[in-house]
Amino acid sequence: VVRGTVKKQALDLGSVLLALAALGAAAVVVYDATRVERTYASAYDVTDPLKEGCSDSSGGGPSTKLISPPIPVRDADARLVGRLEVAYSIFCGTAWPRLQVTSDGRTRFRGRSVRLAIERTSDHATAAYVLPLRGGSGGWGNMIAQQDSCVVAEAELLAKTECVTG
């Protein structure tokens, strides 16, 4: 799990926690479903920034700025496999996680998935998205209205079984 607390103008470096789920059969992802807020404060909450016109096809755009420095994402062997950042739409007043995958990560994690999530700390509303890794340079998750609250973004490598029958 990679977490970084982001305020509108500053990153609280003391609260940044770095870790990533282990690879292979030992990979375990723990997700506390009780933390998901089911009522949202904005029509933009849990929506795609591209479909809502808040970003362009790169997950950015002219009315978008990064509000966190890139946080290194490392695998179980401490190799850099990507960078997690938080994008903010000035036009929409929303934030979303954006993952940039390294060339090594593109090769090693092709066919896997990453859960990208962003939480608004004022009400613990969470917008999550499972991003399939297909060998590209990365992607972004769903957005959440930020208003005057800080947000926390995270990326989790998901484990999955092989195709099985009963």
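Structural notes, computed from the coordinates. Every chain is numbered on its own, with residues counted from 1 as its sequence reads. At least 70 in pLDDT is required for a residue's local features to be given in this predicted model, at least 80 for side-chain atom pairs to be given and counted, and no such filter applies to totals for whole chains, interfaces and linings, which use all residues. Neither water nor hydrogens contribute to the side-chain values; these are computed over all heavy atoms in the structure.

### A closer look at the overall build of the protein chain
This is how the line gets drawn: Per the convention used, a helix needs a DSSP run of H or I reaching at least four residues, while a strand needs a run of E reaching at least two, with both numbered from the N terminus. Three labels apply to residues, based on accessible area from a 1.4 Å probe with only protein chains included: buried if under 20% of the type maximum, exposed if over 50%, partly exposed otherwise in between. Where accessible areas are quoted, they stem from the Shrake-Rupley method and a 1.4 Å probe; at the residue level, only the protein chains shown are allowed to cover.
The secondary structure content of the protein chain amounts to one helix and 10 strands. The order of helices and strands in the protein chain, counted from the N terminus, is β-β-β-β-β-α-β-β-β-β-β. Across the 166 residues of the protein chain, 45% fall into the buried class. Of the accessible surface of the protein chain, which amounts to about 8,600 Å², a share of 55% is contributed by carbon and sulfur atoms.

### So, the pattern of salt bridges
Note the threshold: Any carboxyl oxygen of Asp or Glu within 4 Å of a side-chain nitrogen of Lys or Arg constitutes a salt bridge here.
In the structure shown here, the tally under the stated rule is nine salt bridges. Of the charged contacts in the structure, one is a salt bridge between Arg79 and Asp77, with a shortest N-O distance of 3.2 Å. By relative accessible area, which is 37% here, Arg79 ends up partly exposed. For the salt bridge of Arg120 with Asp123, the shortest nitrogen-to-oxygen distance reads 3.1 Å. According to the relative accessible area criterion, Arg120 is buried, its value standing at 2%. One salt-bridge network, in which partners are shared between bridges, spans Asp75, Asp77, Arg79, Asp104 and Arg108.

### Some words on unusual backbone geometry
Phi is positive for Val46, which is not a glycine, with a value near 60 degrees. The residue Val46 is located in the loop between strand E1 (2–6) and strand E2 (64–66) in this model. One non-glycine residue, Ala78, lies in positive phi territory at about 70 degrees. With respect to the element layout, Ala78 can be found in the loop between strand E3 (71–74) and strand E4 (80–89).

### Brief notes about the nonpolar core
We count it as follows: As used in this record, nonpolar core signifies buried Ala, Val, Leu, Ile, Met, Phe, Trp, Tyr and Cys residues forming a set joined through side-chain atoms within 4.5 Å.
Core analysis: the biggest nonpolar cluster contains 23 residues, and Leu84, Val86, Leu99, Val114, Leu116 and Ile118 have the highest contact counts within it. For this core, the elements supplying multiple residues, two or more each, are E3, E4, strand E5 (94–101), strand E6 (113–120), strand E7 (125–132) and strand E10 (151–158). In this structure, Cys92, Trp96, Trp140 and Met143 belong to the second largest nonpolar core, which totals six residues.

### Focus: the pairing of E4
Put simply, the rule reads: Should DSSP find at least two bridges between two strands, the strands are regarded as paired.
In terms of burial, E4 is largely enclosed, as eight of its 10 residues are buried. The pairing of E2 with E4 spans three bridges and is antiparallel. Residue pairing for E4: Leu66 is matched across the bridge by Ala87. As judged from the four bridges shared by E3 and E4, these two strands associate in the antiparallel manner. Looking at the pairing, Val73 lines up with Gly82 of E4.

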